[in-house]
Amino acid sequence: MILRRKLFIIFTLIWMAFIFSFSSRSGDVSSQDSNHVGMIIGEVFIPGFEQWNDTKQDDFADAIDHPIRKTAHAMEYAVLGFLTAGIFADGRKSWKWRMVLPWLIAAGYAATDEFHQLFVPGRSGQVSDVILDSAGAAIGVLIMTGIEWLRVRKMAQKEGQNG
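This one's a predicted model, so the numbers in the text were calculated from it and none came from an experiment.

Participant: What exactly am I supposed to notice about the overall build of the protein here?
Facilitator: Counting secondary structure elements, the protein contains six helices and zero strands. When the helices and strands of the protein are listed from N to C terminus, the series reads α-α-α-α-α-α. Across its three principal axes, the protein shows a C-alpha extent of roughly 70 × 40 × 25 Å. Across the 163 residues of the protein, 33% fall into the buried class. For the protein, the proportion of contacts with a sequence separation of at least 24, taken over those separated by at least 6, is 70%. Surface exposure of the protein reaches about 10100 Å², of which carbon and sulfur atoms provide 67%. Taking the average place of the 16 positive charges on the side chains of the protein and the average place of its 17 negative ones, the gap between the two points comes to 19 Å.

Here it is as structure tokens:
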């Protein structure tokens with residue numbers, strides 16, 4: 001097994017552990033995390049946010065809580081899809097091997113992660129999150145597949161010039 005593939009396996013497993021650790025956080029802690037991110041977004045993107053009173057800042061953070069959570073879902077699974085596709089990136093293999101299998105692994109992990117959340121206080125497992133996570137994973141797989149396609153194409157052009 002080539003070093004590149006081994007590294008992608010290691011990074012994929014680390015990323016899965018990262019996702020699992022965040023899913024293991026109680027609903028209260030997860031809400032605090034989202035609120036904190038909302039406050040940072042307010043500070044960075046809203047002029048004069050620091051001068052708002054605490055209630056107005058909290059209302060802003062609450063208002064963007066849902067989009068923050070859903071964006072986080074899609075992004076963390078886009079990374080997982082990318083890493084998983086890296087394991088199978090091989091221009092000589094069929095598209096099913098390079099795209100479908102990594103997506104199935106990431107989407108399967110999303111389903112097991114949502115099931116896991118059923119047992120975490122204050123959390124719930126939602127089919128809509130599995131769908132969102134799977135869509136994020138598909139984006140990650142497509143990005144890695146595109147990068148691999150460009151890499152293989154560049155290598156072929158180089159060989160054509162040297163041949």
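Read on, since the account is not over.
Participant: When you look at the nonpolar core in this model, what are you seeing that I'm missing?
Facilitator: As a rule of thumb, nonpolar side chains are buried together in soluble globular proteins. If you look at the biggest cluster of nonpolar residues, it comprises nine residues: Met16, Ile19, Tyr77, Leu80, Ala106, Tyr109, Ala110, Val130 and Ala137. Every element with two or more residues in this core is listed here: helix H1 (3-23), helix H4 (65-88), helix H5 (95-117) and helix H6 (127-162). Setting aside anything within four residues of it in sequence, one finds Val130 in contact with Ala107, Ala110, Ala111 and Glu114. By size, the runner-up hydrophobic cluster in this structure holds eight residues, among which are Phe8, Leu83, Ala85 and Met144.

Participant: Please clarify how helix H2 (residues 27-45) should be interpreted in this entry.
Facilitator: One full turn of an α-helix is made of 3.6 residues, so residues set three or four places apart face in the same direction. Counted at 1.5 Å a residue, the expected span for H2 with its 19 residues is 27 Å, and the 27 Å between its end C-alpha atoms agrees. Buried positions along H2 lie against helix H3 (54-63) and H4.

Participant: Where do I start with a nonpolar patch on the surface in this structure?
Facilitator: Together, Leu3, Leu7, Ile10, Phe11 and Ile14 give the surface a local cluster of nonpolar side chains, amounting to about 490 Å² of exposed area. Along the polypeptide, Ile10 turns up in helix H1. On the accessibility criterion, Ile10 (45% relative accessible area) is partly exposed.

Participant: What is the right way to read the pattern of salt bridges from this model?
Facilitator: Any two side chains of opposite charge can pair, so long as their charged atoms come close to each other. The final tally for this structure, using the stated rule, is five salt bridges. We note a salt bridge from Asp129 to Lys70, for which the minimum N-O separation is 2.5 Å. With Asp129 in helix H6 and Lys70 in helix H4, the pair connects residues that are 59 residues apart, well separated along the chain. When its relative accessible area of 22% is taken as the criterion, Lys70 is described as partly exposed.

Participant: Would you mind showing me how to read the packing of aromatic side chains here?
Facilitator: To describe a pair of aromatic rings, one takes the distance between the centres and the angle between the planes. Within this structure, the stated rule accounts for seven aromatic pairs. Where Phe49 meets Trp52, the ring centres are 4.9 Å apart and the plane angle is 55°; that geometry is what we call tilted. Trp52 sits in the partly exposed class, given a relative accessible area of 23%. Members of the aromatic cluster, connected to one another through ring pairs, are Trp15, Phe18 and Phe22. Sitting over the ring of Trp52, Lys56 keeps its end group 4.5 Å from the ring centre.

Participant: Is there a simple way to think about the environment of Phe119 in this case?
Facilitator: For Phe119, the location among the structural elements is in the loop between H5 and H6. Under the relative-accessibility criterion, Phe119 is labelled exposed at 61%. As for Phe119 and Ile143, which are separated by 24 residues in sequence, their C-alpha atoms are 33 Å apart.

Participant: Just checking my understanding: could you explain the packing of H1 against H4 for this structure?
Facilitator: Between two packed helices, what matters for the description is the angle formed by their axes and the separation of those axes. Their axes nearest at 8 Å, the elements H1 and H4 cross at an angle of 155°. Taken together, the axes of H1 and H4 lie roughly antiparallel to each other. The two elements H1 and H4 cross, and the hand of that crossing is left-handed. Contact with H1, carried on its side by Arg5, Phe8, Ile9, Phe11, Thr12, Trp15, Met16 and Ile19, involves Glu76, Tyr77, Val79, Leu80, Phe82, Leu83, Thr84, Gly86, Ile87 and Phe88 of H4 and no other residues of that element. For the contact of H1 with H4, the class distribution of residues is 13 nonpolar, three polar and two charged.

Rules of the game
Residues numbered from 1 in each chain as written. Predicted model: local features only at pLDDT ≥ 70, side-chain atom pairs only at ≥ 80, totals over all residues. Heavy atoms only, no water. Helix = DSSP H or I, 4+ residues; strand = E, 2+ residues; numbered from the N terminus. Buried < 20%, exposed > 50% of the residue type's maximum accessible area, 1.4 Å probe, protein only. Contact = heavy atoms within 4.5 Å. Areas by Shrake-Rupley, 256 points an atom, 1.4 Å probe, with all protein chains shown as cover. Lys, Arg positive; Asp, Glu negative; His and termini not counted. Charge placed at Lys NZ, Arg CZ, Asp CG, Glu CD. Core = buried A, V, L, I, M, F, W, Y, C linked by side-chain atoms within 4.5 Å. Expected span 1.5 Å × (residues − 1). Patch = residues over 30% accessible without salt bridge, like charges linked within 9 Å, V, L, I, M, F, W, Y side chains within 5 Å. Salt bridge = Lys/Arg side-chain N within 4 Å of Asp/Glu carboxyl O. Phe/Tyr/Trp six-rings, centres within 6.5 Å; stacked < 30°, edge-to-face > 60°. Lys NZ or Arg CZ within 6 Å of the ring centre and 35° of its normal. Axes fitted to C-alpha atoms, helices over the stretch in contact; angles between N-to-C directions. Parallel < 35°, antiparallel > 145°, perpendicular 65-115°, else oblique. Left-handed = near helix turned anticlockwise from the far one by under 90°. Nonpolar A, V, L, I, M, F, W, Y, C, P; charged D, E, K, R; others polar.

None of the figures reported here should be taken as evidence of function without further support.
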